[in-house]
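Fold and contact review
These are the residues of each chain, in order.
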Amino acid sequence: MSVLTSPRGKVEVVHCRRTESQDIYCIKNLIRKFTQKLFGSLNIISLLEKANLAITLHNDQEEIMAQATFLDYPNWNVAPQDDWVSVFRELDSEIPCTPLNTLFMHLFVAVDEYSVGCCKEIIRTVFKAVPDLHFIFLIVPSYMSLGSTLITVFDQVGNIPSLTYDEDFAVHICHRHSHYPQLHIRKARVEDHDDLVPIFLHQDTILKETYGEYFLAELIEAQDEENHAVVCEVDGVAVGFMSVCSRVNMQLLHECFDLGPFHGLCTPHPDDVLEPPQELSVQGSSGAELRSSSQECQQIVKEPQEAVSPEAGESIQRKSTEEAAMEEALSPVQSGNASEVEHTEKLSQEYSVDYTDYCISNTSSASISLPEETSNFRPIYRGASTAFCIQLFCIDEKHEARSLDFMNFVFSLFPDKNFCIISLPHLTPEFVLIQNFVKIVPFNNCTLDQDLYVFHRAGLLKTIKIRLATLSDTPGVENLVSTLMLNKSILEDLQQYNKARRDPDIEYIRSHYNIEDFIYFSHHQREEHGHLYHFALNPIFQHYTKFFLKEILRLGYKSCLYYPVYPRTKEGKFQSSSAHSLTSALHYLVPVRPRRQIVYPLEKLGINAPSKEVSKDALSYALNHTNRKLTLEAKITVNAKIVVVGASSVGISFLETLIFCSHLKFSNLTLISTHGLPGKKLLGTEQRKFLASDHCYNDKDHALMSLCSWVNVVVGKMTAIDRAAKQVIVSREEVVPYDHLVLCTGQQYQVPCPTGADISQHPTNREVLNSSLRRYTGPVPCNHFTLNDEEDCLKALTWIRNNSIAAEGNVIVYGNTIDTYTTVETLLNLGVRGSYIHLVQHPPTSIITCINNYAVEGAVEDVLRAAGVTVYRDAVLAQWNDGLNPDPIHSASFTTPTKPFQLPCSMFFSFCEKNVDYETFRAFNDACLVYDGRLVIDTNFHTNDIAIRAAGSLTKFSNRYYSNEWTHSNFNSKEIGFQLAAAMLNLFDPTLEPVTEPPADLDRLIPMYRGAKIKGGILPGSYHYLHITKPAIPTPLEVQMAQSDFGSEIVTGNVKNGTYFRIHTNKYKMVETITCLSKVPFPTSNYIRLFGQHEQVLNNLCTRYKDGLVPDLYSYFTEPWCMALFHDRFIDLRKELRQILSSKEEENLPSIEELARQIEDEEINLPEKPKNYLKRVFQETIYRPLVEKSILDYLRYNHYHLPMYAWPGII
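Report follows, based on the coordinates.

Cut-offs applied
- Residues numbered from 1 in each chain as written.
- Predicted model: local features only at pLDDT ≥ 70, side-chain atom pairs only at ≥ 80, totals over all residues.
- Heavy atoms only, no water.
- Pairing = 2+ DSSP bridges.
- Helix = DSSP H or I, 4+ residues; strand = E, 2+ residues; numbered from the N terminus.
- Contact = heavy atoms within 4.5 Å.
- Axes fitted to C-alpha atoms, helices over the stretch in contact; angles between N-to-C directions.
- Phe/Tyr/Trp six-rings, centres within 6.5 Å; stacked < 30°, edge-to-face > 60°.
- Buried < 20%, exposed > 50% of the residue type's maximum accessible area, 1.4 Å probe, protein only.
- Lys NZ or Arg CZ within 6 Å of the ring centre and 35° of its normal.
- Core = buried A, V, L, I, M, F, W, Y, C linked by side-chain atoms within 4.5 Å.
- Parallel < 35°, antiparallel > 145°, perpendicular 65-115°, else oblique.
- Left-handed = near helix turned anticlockwise from the far one by under 90°.
- Nonpolar A, V, L, I, M, F, W, Y, C, P; charged D, E, K, R; others polar.
- Salt bridge = Lys/Arg side-chain N within 4 Å of Asp/Glu carboxyl O.

Here we look at the sheet that holds strand 40 (residues 907-911)
One open sheet holds the five strands; their spatial order is 33-40-34-35-36, and the pairing between them is parallel. The two strands at the open ends of the sheet, each matched to only one other strand, are strand 33 (784-785) and strand 36 (870-872). Summarising the sheet, strand 35 (residues 837-840) and strand 36 pair through three bridges and their orientation is parallel. If you follow His-838 over to strand 36, its bridge partner there is Thr-870. On the sheet, helix 23 (residues 790-802) packs against strand 33 and strand 40 and is oriented at approximately 160° with respect to strand 40.

So, the packing of aromatic side chains
The tally for this structure, following the rule as stated, stands at 48 aromatic pairs. Measuring from ring centre to ring centre gives 5.6 Å for Phe-104 and Phe-137, while their planes differ by 25°; the resulting arrangement is stacked. With a gap of 33 residues between them, Phe-104 in strand 5 (residues 102-110) and Phe-137 in strand 6 (residues 135-141) connect regions that are remote in the sequence. Neither residue differs from the other here; Phe-104 and Phe-137 are each classed as buried. With centroids separated by 5.9 Å and ring planes inclined at 35°, the aromatic side chains of Phe-1061 and Phe-1117 adopt a geometry described as tilted. Of the two residues, Phe-1061 is situated in strand 47 (residues 1059-1065) and Phe-1117 in the loop between helix 32 (1113-1116) and helix 33 (1130-1142); the sequence distance between them amounts to 56 residues. Take Phe-1061 and Phe-1117: they sit in the same class, and that class is buried. Connected via pairs of aromatic rings, a cluster forms that spans Tyr-776, Tyr-814, Tyr-872, Trp-880, Phe-894, Phe-901 and Phe-908. Seen from the ring of Phe-443, Arg-378 lies directly overhead, with NZ or CZ sitting 3.7 Å from the centre.

Concerning the nonpolar core
Counting 108 residues, the largest nonpolar core has Leu-265, Phe-654, Phe-666, Ile-721, Leu-741, Leu-743 and Phe-924 as its most contacted members. Grouped together as the second largest cluster of nonpolar side chains are 65 residues, Ile-44, Met-65, Leu-146 and Phe-169 included.

Things to note about the packing of helix 33 against helix 36 (residues 1183-1197)
Interaxial distance between helix 33 and helix 36 falls to 10 Å at its minimum, and their mutual angle equals 165°. Relative to helix 36, helix 33 is oriented roughly antiparallel. Pair helix 33 / helix 36 crosses with right-handed handedness. In this structure, helix 33 uses Phe-1130, Leu-1133, Glu-1136, Leu-1137, Ile-1140 and Leu-1141 to contact helix 36, whose residues at the interface are Tyr-1183, Leu-1186, Val-1187, Ser-1190, Ile-1191 and Tyr-1194. Its residues placed into classes, the contact of helix 33 with helix 36 shows 10 nonpolar, one polar and one charged.

Focus on the pattern of salt bridges
The full count for this structure, using the stated rule, is 44 salt bridges. Taking the shortest distance from any N to any O, the salt bridge between Asp-132 and Lys-462 comes out at 2.9 Å. Of this pair, Asp-132 sits in the loop between helix 5 (115-129) and strand 6 while Lys-462 sits in the loop between strand 19 (450-456) and helix 15 (474-481), and the two are 330 residues apart along the sequence. According to the relative accessible area criterion, Asp-132 is partly exposed, its value standing at 22%. It is possible to trace a salt-bridge network through shared partners that takes in Lys-717, Arg-732, Asp-917 and Glu-919.

Dropping the structure here:
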């Protein structure tokens, strides 16, 4: 915030921010003829799209006062984009301009009255925002003067010719030192005490309270050879302080942090022990496994090609997502200064001694065998320490952007040290100084509540030269990547690059990913999109990553870069390097959300189908992106340790929402899950699954997100929570610290507890004890299966195939959920004879059946009867093996309301009512979290511990809301996860408006979510089943239909033929329920989009159905007209049309929405029917052309997805 005063004495308070797309209209209004003569005729949108930095100045009323645009190459085409440095060096050799320290002003506009003040404020802001920037050039026609505004900040250097114009152009320069100069650094003196104390006290009072009022003076006086105090001053006043010390507890650092990439911050010594003894690498514990949490690096021991079986149980999968920067080999950096080159080559030789234990994975996540002893190995460094530490640092906020100015001076105080380190509490917000440091990866068993950051002396080099690679660089690149697993693949790609340069499939990317969240696609030429294949950077230069990316774009004449992350294969083998390789730049890119795709009826559309580039089914990958606009925009780092327990749909949705916040970087996201991340495709391409689906996520969705790129994964089960220490205990031994704990474990099928009734006594259900509330504590039989996830299903499938179950085994399926039907269908499909399958349904706990549709249930029962499957109803498990040792199960006894029965058993599937896992309950109970049948939460997801939140079927609302019938189980899990993340983002995202506390009466209302509740699967008879409904308290269908406000239903086909399609619309004609039962697969994702639509949007569906024009809904929704309904941006079109109708477009006429309200309230008398009146007003006013234009613009812009639509002028 600054205050500007005009020549006439007017005062305006102004603020600087990044230019946004909505500023374009105001920017165009500020352009004068003089502006066009200075900068040329510009396409503002295109200019802003290609700009590295664009700054807007606005006042308190959000009125734009000024705007300036800066790029990293000159305008007016006075020099090639990729080779302007030599031109400007020839112009004035005294100006050491480089791509790192130079920007060019391509546009400046301002309100005339405040133009001088606005110009100076913008220039100052630019120098503050880009610390490495020293020169801003302005190039204008030589015959033009700069005017009264720009002349105040720019000085002419000389003239240069243009490559395309006949005239010369004047070059003007603006220097940093005139606006936001570098700070003067010197040794501290006691006299600085009075200047510095207010700065310290403004930040914190702990030091004063701990060490007394004169702690700073005492620290300055205590300087010696090992301790130094340094200040920065402006106009003779100290504005910043740094205390450094060469005494560092190296032993503690070596025990807690992985300093291998920096050789332990020590000089190499012949007695260093850098790798584990060979005998420890031969055989390891069967329970030891290390799974990388990132797609970037893994630590290996012997055979990196070997992957661990997915059946490894409670193992720990945990490694920081910052590993990429830490585990790359060091290499020399090209520099214009020979001595600097020699110095960095020496560094390379010195600090790349041992990287044989590090590799790149070209899969999104990998499972690597690692002996237990090796995983705990710590290198031993016997050389002298080469590091000093920062003990105390403080600087005035006005000068914080120049914090790095300290580093040159403090390194000069320790000429024998190469590393500067600083440790901070991990919740410390990332300030400017440590943004230039490398964050060190802690070991798994590190107990320090501190983060360690490292900066190398060579990181101060400013003469880095970046150029296009050639074949002559192969030896140098080979040296750079020699210690990386993909070194051969990288070199092969380098050779391929030099032979034929490949660009990304940009049409596929545009149609399958939301890149238009970041760019205006039409303003980027096809050749301006680049594919990032490999990125290897010396970690001591990590803070130059964005500069490196910026130079890649400039030198390659690109405006956008794309980096795909492919999923790992089922076996965990490494893919080809073209699929995926390491990039330490990943955290400097933004993840791009995938787009929901239409399932096209290609044969029916014929020539009107989309192109193959759009409709092809390519290998799915997660896409990361950067562009020119993002190269100088820093992310906000969130170091808070956010631990999610449970890989349920709620937990995955929560993590997805956080990682796709493109302006935030969550560096400490951890997932604790029994089987790690889902989406491993364990069942391959088999269409039939044992379990029904909620259609929140499938394997393709997981591949498109690549959560493993951003989330640390701990494989194991939560067994305890230490609320005091803020720690989660995993598998009774591993400790995972947290700042915010999110519990999303959900509910699981449990092993049923037999009642123990002796069926020889012929008991009935009434005579036996209810065992539903009892927990089974005996040994779980090896042929007993409770299926809760894909891992469990794989084990069951393996058992079936290994034990010849399909040929001769009797299989009992116990339960009455929809999963019993999908499991029976899977067994039949695997070849198990129906007469060997026994479906035993225990007494229902509700009058509502799992399908809640008699027609569908009748069809399924007919199929089961025809297949020979025996169904037993109201049966309660009494005993296994007549009460003898149940492992394995040979027989199972059941009681019923009439007489008991016994069945032979080779395999027992249990689908009794889901409940919270007992060990999970014990963890809650021992931690004193309020539990009342489920974990109790409030409307903001809080438990009784403010640091612990919970969501999903695990939870219930507190009794104070008087809504026990409503829980998260009634809602869409994906929406619950999103809302949970939205609630937590208010803690971390400074761009969000502060949350206001709701009124006391509203705080008693539970939130209601609108997303559809979905379930589906393949039922016996190969029936493909889908049921979509609104969130509601479960009610029998017959009761619903008997309600006076039920609405109407549309049913086509019949269940016998497998053509059943039912749509229920409420009294407002909105689609509320969809039920499909078909013998052939159908486009589920398309039908989900129909939920919540008005029947008129569905082409007047109700009227057409009554007129007999809709004999088959399956065929109806494959017609070309409805493809737009399934488009992912159709909802945006609806919102835009609603905005038009609700806005007042004509002065003398209220909006259509307001007219409708007045008619409803009888405020106006109409001579005609209200519908006809509104229709006539719409036709005769400006609303119709506005609506038509909006729809046509939508169709044109999305023509690549919707080519089946025509519009005026297309023919």
